[in-house]
Amino acid sequence: MRLEFTDEEQAFREEVRSFLRDQLSPEISAKVLAGYELGREDHLEWQRRLHRRGWGAMGWPVEFGGPGWNSVQQYIFEEESALAGGPRLIPFGTKMVAPVIMAFGNVAQQQRFLPKISAGEEWWCQGYSEPGAGSDLASLKTRAVREGDHYVVNGQKTWNTLGQFADWIFCLVRTDSQAKQQSGITFLLIDMKTPGITVRPIMLMDGGHEVNEIWFENVRVPVENRIGEENRGWTYAKFLLGHERTNIAGIGIAKRELARLKHIAASERQNGRPLIEDPLFAAQIAQIEIDLWALEITNLRVLSAERKSPAAGPEASILKVRGTEIHQAISETLMRAVGPYALPFRREAMEAGWQFDPTRESPGPRYASTLAASYFNQRKLSIFGGTNEIQKNIIAKMIGL
Amino acid sequence: MNFEFSDEQRQLHDVVERYLNEQYPFDRYKSIKNTAAGWDASVWRGLAELGVPAITVPVEQGGLGFGPLETLAMMGECGRSLLLEPVLFSAVIGTALLRAFADSEPAAELLAGLASGEKIAVPAHFESGARNDSQWVGTTARRVGALYELDGHKAVVMHAGAADTLLVSARTSGEPGDAKGVSLFLVPRAAPGVVLDEYPTVDGRRAADVYFKGVEVPAENRLGPEGDALRAIEAALDIGLAALCADAVGVMQAMLDATVEYVRQRQQFGQPIGRFQVLQHRIADMLIHLEQARSMSYLAALRCTHEDSLERRRALSAAKVVIGQAARFIGQQAVQLHGGMGMTDELQVSHWFKRLTAAQLMFGDSDTHLQRFAALKRA
């Protein structure tokens, strides 16, 4: 048992750092570190730079163009990237649909789709949730009816993240309404430019446009865009949800945000002293830091065990629940740290970007302008990706209840 | 980065587990707890035959020369079995303290006695009114020719009655609260002037408030240079804190297992109560707490002998915060989910609950360590 990474892992970390120094632009990292939103081009440009370095598909096996990293290397990359202010990796292509295409797609699909995902040429989004199918995903109703060489899709998907940027969507659709719920679902890849698709923004309480409703009206999808067999989609969907979940705690991002919290708490003043010296506030920060430390070690334990065999127990659910709780605690404490200057809520100040345009400034300290919005936004963490309540159902099942 | 136990550590765990399963079932614990002494010399001999008290004694003194990771590997079993014998306070802390002075003859001799299981030595350090402030030493040692004369009062000295030797901190100069001026003495428990006010603790172990009234010990019983023992005492307590964390994690695992088993069997409203989601989520929360606590028990073991004292204290305080909070949650919820049965003396769960309660109170509770951690950050 030892805490320190191996020499090879340390060398790899240095390699990642040097890549980040060379390739991460100050404009992008300034936006990320200040909590501003990134645009489509910001993300795709980052993906292209990763791709040029051979790291565009970091979790993929070598035969599909991945760099052959193990989960420890991926963890190190994500940690270093987060600390440096690298854009969070949009998971829908590389981490979600790509593993499904590799495991269950045919060779033609693999050749058609995988290279463009890795190269940042095509943006993917997810078509899972529906208005009536959230935690109970298998009750989904979007229908696909076979007509010759096509499926004709009708229905509505929701909570679609960044679909406004997407070129492709992977969808779960019902192809057999007589069968048992899970047995009548098919996994389709759909070109977002197909006639009949309408993307409508859902405005969230932080004022941002992050998610959408997507309507499908007689959308014709070639049969060749079906993954695997008809009515076997639930198996593929579960595979996708269970894939690469040992980095979901977001330790690197939490460390970065904790450092930001300390910085802000040291800049703010209370009763003439830095806020960070207030005993109650200091204790709250210390509690978060300690909880994060414990979760980091739990995450490393999972990675360490995964060197022998993939995690098959409740590990991913534990990481998800605890990780999201900690992220939410940090965002809430960040907001409280600036007190009344968390109140001004000017959308343009949140979008100000890295160029300090005084006409778009909020009153109060510059760092305060995004904190309330970020607190609002982060409430999503315990809801998406399987609510924390669903995660606890999973944990209970895993321990024999 | 690797969190696997070595083969040797796993074997050590297995040997202790097997012994305790066979020799220390719940009934045995209960009967030993109700004896006058509150511990069993034959159990101690049995553990000594396995090498348990020798684990961290240096090879030169007949020990196995192992460290905190081997201690971690076996400690959880001591917690799970509710072991009353002084593994933590003599085999871990007493030994760690003596190890710092192993080049002195009396300490080396005592270490050999500890390794063989013939002797028991426990620290007598904390004092009344000082809670867990390790610098607050008011007991005095006055040099009189070739002797020291000790006067003072040590609070809640665990296993004082079972010990042959007390490892007593006493001030040879300065005031309570000073880091300098604390010396360490080997004091035979039977020495004239040593008075024990003995009592059981909440978890069934034995402790005593110990009074020293003009106790005379030869000058060679002072370990190390005069006035310079505090660092060694704190280092030994840090090693003990890590071992306490591992003991508590063993208890928490046992309580979670017992609770899962209970809610699967207990029928109400025509079904096992484990089918109710409110209880399922409570148990999921218990598991989440347990795994964070286990992680921190590993961190504590990995860092408790770290040469960088800031890093060491940060890790140990963080560990005690997490383990204290987990112990409180898991302990209270295990009793709750056992319903009325959880309240009874009959079931093991109430005994584990009390051992976890003791673990929370020993060496500073979660709030104490949270404050200490926050202060370390600012330093």
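A. Representation of the overall build of chain B within the structure. The helix and strand inventory of chain B stands at 11 helices and 10 strands. Its C-alpha atoms give chain B a radius of gyration of 21 Å, near enough to 21 Å, the size a compact globule of 379 residues would have. Taking the principal axes of its C-alpha atoms as reference, chain B extends roughly 80 × 50 × 40 Å. Taken over 379 residues, chain B has a buried fraction of 52%. Contacts in chain B between residues far apart in sequence, at least 24 positions, make up 74% of those at least 6 positions apart.

B. Representation of the overall build of chain A within the structure. Helix and strand counts for chain A stand at 13 helices and 10 strands. Projected onto the principal axes, the alpha-carbon positions of chain A cover approximately 75 × 50 × 50 Å. Within the span of chain A, comprising 401 residues, buried residues form 41% of the whole. Of the contacts made within chain A by residues no fewer than 6 positions apart, 72% connect residues no fewer than 24 positions apart.

C. Main features of the domain arrangement of chain B. Residues and elements named next belong to chain B. By domain assignment, chain B separates into domain 1 (7-119), domain 2 (123-225) and domain 3 (231-378). Measuring from the centre of the C-alpha atoms in domain 1 to the corresponding centre in domain 3 gives 22 Å. With 19 residues of domain 1 at the interface, the matching set in domain 3 holds 25 residues. Listing elements by their share of the side of domain 1 that touches domain 3, those giving two or more residues are helix H4 (68-80) and helix H5 (87-99). Considering each element in turn, the side of domain 1 that touches domain 3 owes the most residues, 10 residues, to H4. Residues belonging to the side of domain 1 that touches domain 3 are distributed by class as follows: 13 nonpolar, four polar and two charged.

D. How the structure looks around helix H5 (residues 91-104) of chain A. All names here are of chain A. With 14 residues, H5 extends 18 Å between its outermost C-alpha atoms, agreeing within 8% with the 20 Å of an ideal straight helix rising 1.5 Å per residue. The principal kink in H5, of about 35 degrees, is found at Val 97, preceding the proline Pro 99 by one to four residues. For H5, the tally of buried residues reaches 10 of 14 residues, placing the bulk of the element in the interior. By the burial criterion, the buried members of H5 are Phe 92, Gly 93, Thr 94, Lys 95, Met 96, Val 97, Ala 98, Pro 99, Val 100 and Ile 101. Tucked into the core, H5 has its buried residues touching helix H6 (107-118), strand E1 (124-127), strand E4 (168-174), strand E5 (185-191), strand E8 (226-227) and helix H7 (233-241).

E. Up close: the environment of Asn 70 of chain A. As for its placement among the helices and strands, Asn 70 of chain A is situated in the loop between helix H3 (40-52) and helix H4 (71-84). Separated by 11 residues in the primary sequence, Asn 70 of chain A and Gly 59 of chain A have C-alpha atoms spaced 7.6 Å apart.

F. How the structure looks around the interface of chain A and chain B. Contacts between chain A and chain B engage 31 residues on the former and 31 residues on the latter. Secondary structure elements with two or more residues in the side of chain A that touches chain B: helix H9 (279-306), helix H10 (315-337) and helix H13 (388-398) of chain A. Across the side of chain A that touches chain B, the residue classes break down as 20 nonpolar, five polar and six charged.

G. Spotlight on the packing of H10 of chain A against helix H12 (residues 371-378) of chain A. Residues and elements named next belong to chain A. In contact at an axis separation of 8 Å, H10 and H12 are set at 155 degrees when each is read in the N-to-C sense. Taken as axis vectors, H10 and H12 run roughly antiparallel relative to one another. Crossing of H10 over H12 shows left-handed handedness. Facing His 327, Gln 328, Ser 331, Glu 332, Leu 334 and Met 335 of H10, the residues of H12 in contact are Leu 371, Ala 372, Ser 374, Tyr 375 and Gln 378. Taken together, the residues of the contact of H10 with H12 break down into five nonpolar, five polar and one charged.

H. Representation of H10 of chain A in the model. Residue and element names in this part refer to chain A. Here H10 is 23 residues long and its end C-alpha atoms lie 33 Å apart, about the 33 Å a rise of 1.5 Å per residue gives. Taking burial as the measure, the 23 residues of H10 include 19 buried ones, the bulk of the element. Gly 339 sits one or two residues past H10 and shows a positive phi near 55 degrees.

I. Molecular detail of the pairing of strand E5 (residues 182-188) of chain B. Residues and elements named next belong to chain B. With six of seven residues buried, E5 is to be regarded as a mostly interior element. Summarising the sheet, strand E4 (residues 165-171) and E5 pair through seven bridges and their orientation is antiparallel. For Ala 170, the partnering residue across the bridge sits in E5 and is Ser 183. As paired strands, E5 and strand E8 (residues 222-223) are joined by two bridges and run antiparallel to one another. Counterpart to Leu 184 in the pairing with E8 is Leu 223.

J. Local environment of the environment of Glu 63 of chain A. Residue and element names in this part refer to chain A. With respect to the helices and strands, Glu 63 occurs in the loop between H3 and H4. Classification of Glu 63 as exposed rests on a count of 9 C-beta atoms within 10 Å. Measuring from C-alpha to C-alpha, the distance between Glu 63 and Lys 392 comes to 36 Å, with 329 residues separating the pair along the chain.

K. Representation of the pairing of strand E7 (residues 211-222) of chain A. All names here are of chain A. Examined bridge by bridge, strand E3 (residues 150-161) and E7 share nine bridges and lie antiparallel to one another. Residue pairing in the sheet places Val 153 in a bridge with Val 219 of E7. As defined by bridge partners, strand E6 (residues 197-202) adjoins E7 across six bridges and the pair is classed as antiparallel. Along E7, the bridge assignment pairs Arg 200 with Glu 213.

L. Quick peek at the nonpolar core. Within the largest apolar cluster, 222 residues are counted, with the highest numbers of intra-cluster contacts made by Val 122, Cys 245, Met 252, Met 296 and Ala 300 of chain B. Considering each element in turn, this core owes the most residues, 21 residues, to helix H7 (residues 230-265) of chain B. Discounting chain neighbours no more than four positions away, the residues touching Met 296 of chain B are Ala 294 and Ile 297 of chain A together with Cys 245, Ala 318, Ala 319, Val 322 and Ile 323 of chain B.

M. Here's a closer look at unusual backbone geometry. The phi dihedral of Asn 271 of chain A is positive, around 50 degrees, even though this residue is not glycine. Taking the C-beta count within 10 Å as the criterion, Asn 271 of chain A has 7 such neighbours and is therefore assigned exposed. Unlike most non-glycine residues, Phe 363 of chain B shows phi in positive territory, near 55 degrees. Along the polypeptide, Phe 363 of chain B turns up in the loop between helix H10 (348-361) and helix H11 (366-378).

N. Geometry of the environment of Phe 363 of chain B. All names here are of chain B. In this structure Phe 363 comes out as buried when scored by C-beta crowding, with 21 C-beta atoms within 10 Å. With 230 residues separating them along the chain, Phe 363 and Asp 133 place their C-alpha atoms 9.1 Å apart. If we skip the residues at most four places from it in the chain, Phe 363 touches Asn 132, Leu 237, Leu 241, Leu 244 and Lys 320.

O. Spatial organisation of the packing of H9 of chain A against H10 of chain A. Residue and element names in this part refer to chain A. At a minimum axis distance of 10 Å, the contact between H9 and H10 shows a crossing angle of 155 degrees. Comparing their axes, H10 and H9 come out roughly antiparallel. Classified by chirality, the crossing of H10 by H9 is left-handed. Only Glu 315, Ile 318, Leu 319, Arg 322, Gly 323, Ile 326, Ala 329, Ile 330 and Thr 333 of H10 make contact with H9, whose side of the interface consists of Gln 284, Ile 285, Ile 288, Asp 291, Leu 292, Leu 295, Thr 298, Asn 299 and Val 302. A breakdown of the residues in the contact of H9 with H10 according to their chemical character gives 10 nonpolar, five polar and three charged.

The rules behind these values
- Residues numbered from 1 in each chain as written.
- Chains lettered and ligands numbered in written order.
- Predicted model: local features only at pLDDT ≥ 70, side-chain atom pairs only at ≥ 80, totals over all residues.
- Helix = DSSP H or I, 4+ residues; strand = E, 2+ residues; numbered from the N terminus.
- Rg over C-alpha atoms; globule rule 2.2 N^0.38 Å.
- Buried ≥ 20, exposed ≤ 12 C-beta atoms within 10 Å, placed from the backbone.
- Contact = placed C-beta atoms within 7 Å.
- Domains from an automatic or database assignment.
- Nonpolar A, V, L, I, M, F, W, Y, C, P; charged D, E, K, R; others polar.
- Expected span 1.5 Å × (residues − 1).
- Bend = angle between axes of the 7 residues up to and from the residue.
- Axes fitted to C-alpha atoms, helices over the stretch in contact; angles between N-to-C directions.
- Parallel < 35°, antiparallel > 145°, perpendicular 65-115°, else oblique.
- Left-handed = near helix turned anticlockwise from the far one by under 90°.
- Pairing = 2+ DSSP bridges.
- Core = buried A, V, L, I, M, F, W, Y, C linked by C-beta atoms within 7 Å.

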